[in-house]
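Close look at the chain arrangement
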Amino acid sequence: MRIAFVGKGGSGKTTLSALFSKHVTNTQKPVLVFDADLNIHLPELFGFKESVSPDMYISNNEVTATIKKYLIGNNPNIKDIIDLRKTTLPNEYSNSIDINNLDTSILKDYLVKKDNLNLAIVGTYEDERIGKSCYHGNLVVFENILNHLVDTDGYVVTDMVAGVDAFANTLHAQFDVLALIVEPTKRSIEVFEHYNHLAKEGGVYKNLFVIANKIRNESDKNFILEHIPEKQFIGFFNESEYLREIERTSSSLDISKLESENVKLLDKIKEVLETNAEDTKDRFSRIQKLHNKIV
Ligand SMILES: Nc1ncnc2c1ncn2[C@@H]1O[C@H](COP(=O)(O)OP(=O)(O)OP(=O)(O)O)[C@@H](O)[C@H]1O
Ligand SMILES: [Mg+2]
């Protein structure tokens, strides 16, 4: 099952990705988290900061080449890693990554892990690429991994880059649930409307759900309910004293200290993800359509 947290800058994508990931580790199933933002924050929230180095980033050139070569496998039609497109789907020659065997997988050297929580970092700009590359280039290997990742019996969680960027590549089409974080502000509702429009165009409207974050009172709730259709709405995540304290102390997350109402919302997200987990064929057909369009 796969979920991505998306939304406006500062809406709470990283916070909710981290909390949700920690929450589902209780299931004992493997949890694979991708930090796909330019500003890498998840290692700190998980208490992993000391164990991370840029040579583990999956967009690091050498790491990317190793992963792509592995995924291509013996495919006679793909002579060079550059021919592995972001829309190339697995076939009988290629290799996959199984979320249940991460410790022996091609990703093993690039994961930071604690028990069943595994974190992969896409990576930020390398100094020598400043001014001559865009972040979308870094994301291709992540798209390749998602195309070849078997995750029916586990959780894949992604902290995405801000805004509607996911529609510039295949990322909007890669998830069972796109959880759009909305704040009780007009700007945030505008982002929701834009996302809704793109999701309809991109054939992922049924995958788009909304979480209202930083809710303080009834008037915030009413504002959200006026603008978000019920069938797309997961629920309210309240303004949290605990999270404010985390920000002040830079400590790592401890779910047992989170307010019980907010923990209930994490449960609701899990329920929505489980109810909406798609057949892999549905996802592959979206990616194939993009492949036919792009390549
Ligand atoms: N429910 C909440 N209660 C209190 N503070 C919150 C809540 N949700 C998020 N925050 C705070 O809001 C700030 C932004 O959150 P976060 O970094 O998760 O947003 P983001 O969408 O990932 O931002 P960016 O677009 O910069 O990546 C952080 O300081 C975070 O601690
Ligand atoms: Mg963030």
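Here, every reference points to the structure presented above.
Residues numbered from 1 in each chain as written. Chains lettered and ligands numbered in written order. Predicted model: local features only at pLDDT ≥ 70, side-chain atom pairs only at ≥ 80, totals over all residues.

Within the protein, the secondary structure is distributed over nine helices and ten strands. Relative to the globule expectation of 19 Å for 295 residues, the C-alpha radius of gyration of the protein, 19 Å, shows essentially globular dimensions. Seen through its principal axes, the protein has C-alpha atoms that stretch 60 × 40 × 40 Å. For the protein, buried positions account for 44% of its 295 residues. Excluding contacts between residues fewer than 6 apart, the proportion of contacts in the protein whose partners are at least 24 apart in sequence is 77%. (Helix = DSSP H or I, 4+ residues; strand = E, 2+ residues; numbered from the N terminus. Rg over C-alpha atoms; globule rule 2.2 N^0.38 Å. Buried ≥ 20, exposed ≤ 12 C-beta atoms within 10 Å, placed from the backbone. Contact = placed C-beta atoms within 7 Å.)

What follows covers the environment of Asp-80. Tracing the sequence through the fold places Asp-80 in the loop between α3 (61–72) and β3 (97–98). Counting along the chain gives 15 residues from Asp-80 to Ala-65, while the straight-line C-alpha distance between them is 10.0 Å.

With 81 residues, the main nonpolar core has Ala-4, Ile-58, Phe-142, Leu-178, Ala-179 and Leu-180 as its most contacted residues. Each residue touching Ala-179, except ones within four places of it in the same chain, is listed here: Ile-3, Ala-4, Phe-5, Val-6, Phe-209, Ile-211, Ile-234 and Ile-269. (Core = buried A, V, L, I, M, F, W, Y, C linked by C-beta atoms within 7 Å.)

Looking now at helix α8 (residues 260–275). The terminal C-alpha atoms of α8, which comprises 16 residues, lie 23 Å apart, in line with the 22 Å expected from a rise of 1.5 Å per residue. Turning to α8, its buried residues are Asn-262, Leu-265, Leu-266, Ile-269 and Leu-273. Along the axis of α8, the buried residues cluster in a sector spanning 105°; they form a single face. Among the exposed residues of α8, those pointing more than 90 degrees away from its buried face are Ser-260, Lys-264, Glu-271, Glu-274 and Thr-275. (Expected span 1.5 Å × (residues − 1). Arc of directions from axis to C-beta.)

Once that is clear, we can look at the site of ligand 1. Around ligand 1, 19 residues are found, and the nearest of them are Gly-9, Gly-12, Lys-13, Thr-14 and Thr-15. Classifying every residue of the shell around ligand 1 by side-chain character gives three nonpolar, ten polar and six charged. (Near = placed C-beta within 6 Å. Nonpolar A, V, L, I, M, F, W, Y, C, P; charged D, E, K, R; others polar.)

The next thing to look at is the pairing of strand β5 (residues 117–121). Here β5 lies mainly inside the structure; five of its five residues are buried. Residues Leu-117, Leu-119 and Ile-121 of β5 are buried on one face, and the alternating residues Asn-118 and Ala-120, pointing to the opposite face, are buried as well. Here strand β2 (residues 31–35) runs beside β5; their pairing, made up of five bridges, is parallel. Its bridge partner lying in β5, Phe-34 is registered against Ala-120. Inspection of the sheet shows strand β4 (residues 111–114) paired to β5 by four bridges, in the antiparallel sense. (Pairing = 2+ DSSP bridges.)

Take the sheet that holds β5 next. On the basis of which strands lie adjacent, the open sheet formed by eight strands has the order β4-β5-β2-β7-β1-β8-β9-β10 and mixed pairing. Looking along the sheet, the strands with just one partner apiece sit at the ends: β4 and β10 (233–238). Mean inter-strand twist for the sheet, computed between neighbouring axes without regard to direction, equals 20°. Relative to the sheet, helix α1 (residues 13–24) contacts β1 (2–7), β2, β5, β7 (155–159), β8 (177–182), β9 (208–215) and β10, its axis offset from that of β7 by approximately 165°. Running over the sheet, helix α5 (residues 186–201) touches β1, β8 and β9 and is turned about 160° from β8. (Axes fitted to C-alpha atoms, helices over the stretch in contact; angles between N-to-C directions.)

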